[in-house]
Amino acid sequence: MADDKKDDKKSIEIGFRNGKTVGLKLEQKEFDKLVTAIDAGETWHTVIDDSRHLTLRADRVDFYGTDDKAESRRAGF
């Protein structure tokens, strides 16, 4: 059952005005909250992924993108 929950996560990349990027794996609910915060021009917003809580300046996000196929391209052993 835990594997089903893991499959529900989106791999996303967030790019900031200063040129830095952050990669996260977010549940759909967290992704939707982030997009809403960016669209609303929120200053500070916290997202929760598998390993951390990340507080970021949503008003300084230049881009975000999802990669729904990332898991299928990963090499595994």
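Shown above is the structure to which this text applies.
Just so you know, these numbers come straight off a predicted model, no measurement behind them.

K.L.:
Can you help me understand the packing of aromatic side chains in this one?
P.N.:
In the structure shown here, the tally under the stated rule is 1 aromatic pair. The ring of W44 carries the charged tip of R57 above its face, separated from the ring centre by 5.3 Å.

K.L.:
Looking at this structure, how should I read the side chain of D49?
P.N.:
With respect to the helices and strands, D49 occurs in the loop between β3 (44–48) and β4 (53–57). The exposure class of D49 is buried, given its relative accessible area of 13%. Engagement of the side chain of D49 in a polar contact is seen with the backbone nitrogen of S51, the distance being 3.0 Å. Among the polar contacts listed, one links the side chain of D49 to the backbone nitrogen of R52, at a separation of 3.0 Å. Setting aside residues up to four positions removed in sequence, D49 forms contacts with L24, K25 and L26.

K.L.:
How do you make sense of the pattern of salt bridges when you look at a structure like this?
P.N.:
Think of it this way: side chains of opposite charge can pair up when their charged atoms draw near. Counted by the stated rule, this structure contains 5 salt bridges. Ionic pairing is found between D50 and K9, a salt bridge with its closest N-O pair at 2.2 Å. Of the two residues, D50 sits in the loop between β3 and β4 while K9 sits in strand β1 (residues 9–16), which places them 41 residues apart along the sequence. Look at D50 and you get partly exposed, because its relative accessible area is 48%. The class for K9 is buried, based on a relative accessible area of 18%. A salt bridge links D49 to R52, with the nearest nitrogen and oxygen atoms 3.7 Å apart.

Basis of the calculations
Residues numbered from 1 in each chain as written. Predicted model: local features only at pLDDT ≥ 70, side-chain atom pairs only at ≥ 80, totals over all residues. Heavy atoms only, no water. Phe/Tyr/Trp six-rings, centres within 6.5 Å; stacked < 30°, edge-to-face > 60°. Lys NZ or Arg CZ within 6 Å of the ring centre and 35° of its normal. Helix = DSSP H or I, 4+ residues; strand = E, 2+ residues; numbered from the N terminus. Buried < 20%, exposed > 50% of the residue type's maximum accessible area, 1.4 Å probe, protein only. Polar contact = N/O pair within 3.5 Å; in protein donor to acceptor, adjacent residues only side chain to side chain. Contact = heavy atoms within 4.5 Å. Salt bridge = Lys/Arg side-chain N within 4 Å of Asp/Glu carboxyl O.

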